[in-house]
Amino acid sequence: MSVLNQLFNRGVLGAKCKTCLTLAISRIKLLQNRRDVQLKQMRKEIAQFLQTGQEAIARIRVEHVIREQNIWAAYEILEMFCEFVLARIPILESQRDCPTELQEAIASIIFAAPRCSDLPDLLQVKNLFATKYGKGFVSSVSELRPDSNVNRTIIEKLSVSTPSPELRLKLLKEIAREYGVAWDASQTEAELNKNHEDLLDGAKPGNYGGVVLKAPSPQPPLSSSLLEESHSLSPANANADASIRHVESANLTSNDSFSPKATKSSSHSTTTIGVGPVTGNRWETRHDSSDALERARAAIASADRASAAARAAAQLVNAAFGSSKLEAVGLAVKPQ
């Protein structure tokens, strides 16, 4: 901004800032009086909940009371800062940069303006400061950079974090003592200090009511030779292929209680599963798997024959129906 613009806008900026700060101070006082009445009513309701044994509702309502008390304390500090800046408007107009003694007050007003929705006058003051000192100054304050100089109490009171269990318990005891309620805080203290289990990741292994939950044991993988043989089948019937795989996996995990049949060829005895030749019980398992594969192939062949017979029967029915229809049409057009 040039020197001429500063000279012409000096009185305008000071007048607008003075008007907005005056309105903000009046609005803060009005809101503080209204908030005092609301806080007294809320504390009285919490005392009634404690007296009637409704501690769960009291624990929820006390968070709202803490939030309102924090806003009340922040507004009290903001009112003091607004009065401080209002008294030094001539200094702001005479200096191009922000005075050192006003940095904390101006930075706190800029930081609190978007967080106090019921004080729209502070937003206008923030815009005026952005016009005078630049958007970089306002952004550094809004982002809470190390050199922002925002009041720490303002930051804490306007934060949206959940109050600690100690603070909630302390306020509940204070309200009970204020209204003379004979209240035992042991149950509420245990509830507030209890560590709630995080169930987002599911139930964890352990003993629940005598039932021990264990992680499932990994299943042994199928051998490479059986998988290659199962994939070598014709892909015409996917369900039969899946059944073959199921039979193979079941045979691999079953006990070695089956005996090999003498009618099968002895060429299976030299087939390898994994590493090394198959001998003994491994030969029996391989032999049973071969039997299951033969039965599955026979089932596929019989299913194919049945489907072919069904198609032939359907063709015969269609041919017979067509011939009868032609005869009926011929009788209908025959001359009398």
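The numbers attached to residues start from 1 for each chain and follow its sequence in the written order. A pLDDT threshold of at least 70 governs which residues receive local features in this predicted model, and a stricter bar of 80 or more applies before side-chain atom pairs are shown or counted, although totals over entire chains, interfaces and linings include all residues. Based on all heavy atoms of the structure, the side-chain values leave hydrogens and waters out of the count.

Structural notes on the overall build of the protein chain
Point 1. Here a helix means four or more residues in a row that DSSP labels H or I, a strand means two or more in a row labelled E, and each is numbered from the N terminus. If you tally the helices and strands in the protein chain, you get 12 helices and two strands.
Point 2. Along the chain direction, N to C, the helices and strands of the protein chain fall in the order α-α-α-α-α-α-α-α-α-β-β-α-α-α.
Point 3. For each residue, the accessible area found with a 1.4 Å probe, counting protein chains only, is set against the maximum for its type, and the residue is called buried under 20%, exposed over 50%, and partly exposed in between. Taking all 336 residues of the protein chain together, 30% fall into the buried category.
Point 4. Only heavy atoms matter for contacts: two residues are in contact if any of them lie within 4.5 Å across the pair. In the protein chain, of all internal contacts separated by at least 6 residues, the share reaching a separation of at least 24 is 71%.
Point 5. Note on areas: Shrake-Rupley with a 1.4 Å probe; residue coverage comes only from the protein chains shown. Here the protein chain displays about 21,700 Å² of accessible surface, and carbon together with sulfur accounts for 56% of that area.

Re the nonpolar core
Point 1. We call a set of buried residues a nonpolar core when its members are Ala, Val, Leu, Ile, Met, Phe, Trp, Tyr or Cys and they connect through side-chain atoms within 4.5 Å of each other. Core analysis: the largest hydrophobic core is formed by 40 residues, its most contacted members being Ile-106 and Phe-129.
Point 2. When residues of this core are traced back to their parent elements, those giving at least two are helix 1 (3-51), helix 2 (55-87), helix 3 (89-94), helix 4 (103-112), helix 5 (120-133), helix 6 (135-142) and helix 7 (152-157).
Point 3. Looking at this core, the element that brings in the most residues is helix 2, giving eight residues.
Point 4. Residues Met-42, Ala-47, Val-65 and Leu-172 belong to the second largest nonpolar core, which totals 19 residues.

Concerning the side chain of Lys-126
Point 1. Mapping Lys-126 onto the fold places it in helix 5.
Point 2. If we skip the residues at most four places from it in the chain, Lys-126 touches Ile-110, Ala-113, Pro-114, Val-138 and Ser-142.

Comments concerning empty space enclosed by the protein
Point 1. Only protein atoms enter the 1 Å grid used here. Points where a 1.4 Å probe fits but cannot escape make up a cavity, open sets with protein on both sides within 12 Å along at least five of seven lines make up a pocket, and a residue lines them when an atom lies within 4 Å of a point. Grid points are joined across faces, edges and corners, and a volume is the space filled by probe spheres set on the points. What the rule picks out here adds up to two cavities of 30 Å³ or more.
Point 2. There is about 60 Å³ of room inside the largest cavity.
Point 3. Together, Leu-13, Gly-14, Cys-17, Ile-89, Leu-92, Glu-93, Leu-128, Phe-129 and Lys-132 line the largest cavity.
Point 4. Going through the elements one at a time, helix 1, helix 3 and helix 5 are the ones with two or more residues in the lining of the largest cavity.
Point 5. Each residue is assigned to one of three groups, with Ala, Val, Leu, Ile, Met, Phe, Trp, Tyr, Cys and Pro labelled nonpolar, Asp, Glu, Lys and Arg labelled charged, and all others, Gly among them, labelled polar. Looking at side-chain class alone, the lining of the largest cavity contains six nonpolar, one polar and two charged residues.

As for the packing of aromatic side chains
Point 1. Aromatic rings from Phe, Tyr and Trp, with only the six-membered ring used for Trp, were paired whenever their centres fell within 6.5 Å, and each pair was classed as stacked if the ring planes differed by under 30 degrees, edge-to-face if by over 60, and tilted otherwise. One pass over the structure, following the stated rule, counts two aromatic pairs.
Point 2. Look at Tyr-133 and Phe-137: their rings are 5.6 Å apart centre to centre, the planes differ by 55°, and that puts the pair in the tilted class.
Point 3. The exposure class of Tyr-133 is buried, given its relative accessible area of 16%.
Point 4. Each residue in the set Phe-129, Tyr-133 and Phe-137 is aromatic and connected to the rest through ring pairs, giving one cluster.

With respect to the layout of surface pockets
Point 1. Of the volumes computed, that of the second largest pocket is approximately 210 Å³.
Point 2. Glu-63, Ile-66, Arg-67, Asn-70, Glu-156, Lys-157, Ser-159, Val-160, Ser-161, Thr-162, Pro-163 and Leu-167 are the residues that line the second largest pocket.
Point 3. Listing elements by their share of the lining of the second largest pocket, those giving two or more residues are helix 2 and helix 7.
Point 4. Classifying every residue of the lining of the second largest pocket by side-chain character gives four nonpolar, four polar and four charged.

Describing the pattern of salt bridges
Point 1. Note on definitions: salt bridges are taken to be side-chain nitrogens of Lys or Arg within 4 Å of carboxyl oxygens of Asp or Glu. Summed over all chains, the structure comprises nine salt bridges.
Point 2. Linking Glu-63 and Arg-168 is a salt bridge whose minimum nitrogen-to-oxygen distance equals 2.8 Å. Highlighted residues: Glu-63 in helix 2 and Arg-168 in helix 8 (residues 165-178), separated in sequence by 105 residues.
Point 3. Overall, Glu-63 belongs to the partly exposed group, its relative accessible area being 29%.
Point 4. A single salt-bridge network, built from bridges that share partners, covers Arg-35, Glu-68 and Asp-118.

Some words on the environment of Leu-50
Point 1. Tracing the backbone shows Leu-50 in helix 1.
Point 2. What makes Leu-50 buried here is its relative accessible area of 4%.
Point 3. Residues Leu-50 and Ile-175 lie 125 residues apart in sequence; the distance between their C-alpha atoms is 9.3 Å.
Point 4. Sequence-distant contacts of Leu-50, that is, excluding residues within four places in its chain, are made with Glu-55, Ala-58, Leu-172, Ala-176, Val-181 and Trp-183.

Comments concerning the side chain of Gln-32
Point 1. Following the sequence through the fold, Gln-32 ends up in helix 1.
Point 2. Taking the relative accessible area as the measure of exposure, Gln-32 reaches 7% and is therefore buried.
Point 3. Among all residues touching Gln-32, those that are not within four sequence positions of it are Trp-72, Tyr-75 and Glu-76.

Things to note about the confidence of the model for the protein chain
Point 1. pLDDT: the predictor's confidence for each residue, scored from 0 to 100. When pLDDT is averaged across the protein chain, the result is 75; 63% of the residues are at 70 or more.
Point 2. Helix 4 holds the highest mean pLDDT among the elements of the protein chain, 95, whereas helix 10 (residues 224-231) holds the lowest, 46.
Point 3. Note on residues 1-9: pLDDT under 50 across the span, and five contacts to partners over four residues away in sequence or across chains.
Point 4. Across residues 207-213, where pLDDT falls below 50, the model places seven contacts with residues more than four positions away in sequence or in other chains.

Notes on the packing of helix 2 against helix 8
Point 1. Lines are fitted to the C-alpha atoms to define the axes, a helix being fitted only along its stretch in contact, and any angle between axes, read from their N-to-C directions, falls within 0 to 180 degrees. Direction vectors running N to C along helix 2 and helix 8 enclose 95°, while the axes themselves pass 10 Å from each other. The angle between helix 2 and helix 8 places the two elements in the roughly perpendicular class. Each of Ala-58, Arg-59, Val-62, Glu-63, Val-65, Ile-66 and Gln-69 in helix 2 lies in contact with helix 8, whose residues at this interface are Leu-167, Arg-168, Leu-171 and Leu-172. By definition in this entry, angles of less than 35 degrees are roughly parallel, angles greater than 145 are roughly antiparallel, angles of 65 to 115 are roughly perpendicular, and the rest are oblique.

Here we look at the packing of helix 4 against helix 6
Point 1. Axis separation between helix 4 and helix 6 bottoms out at 9 Å; the angle between their running directions is 75°. Regarding the angle of helix 4 to helix 6, the classification is roughly perpendicular. Contacts between helix 4 and helix 6 involve Ile-106, Ala-107, Ile-110 and Phe-111 from the former and Phe-137, Val-138, Val-141 and Ser-142 from the latter.
Point 2. Taken together, the residues that form the contact of helix 4 with helix 6 break down as seven nonpolar, one polar and no charged.

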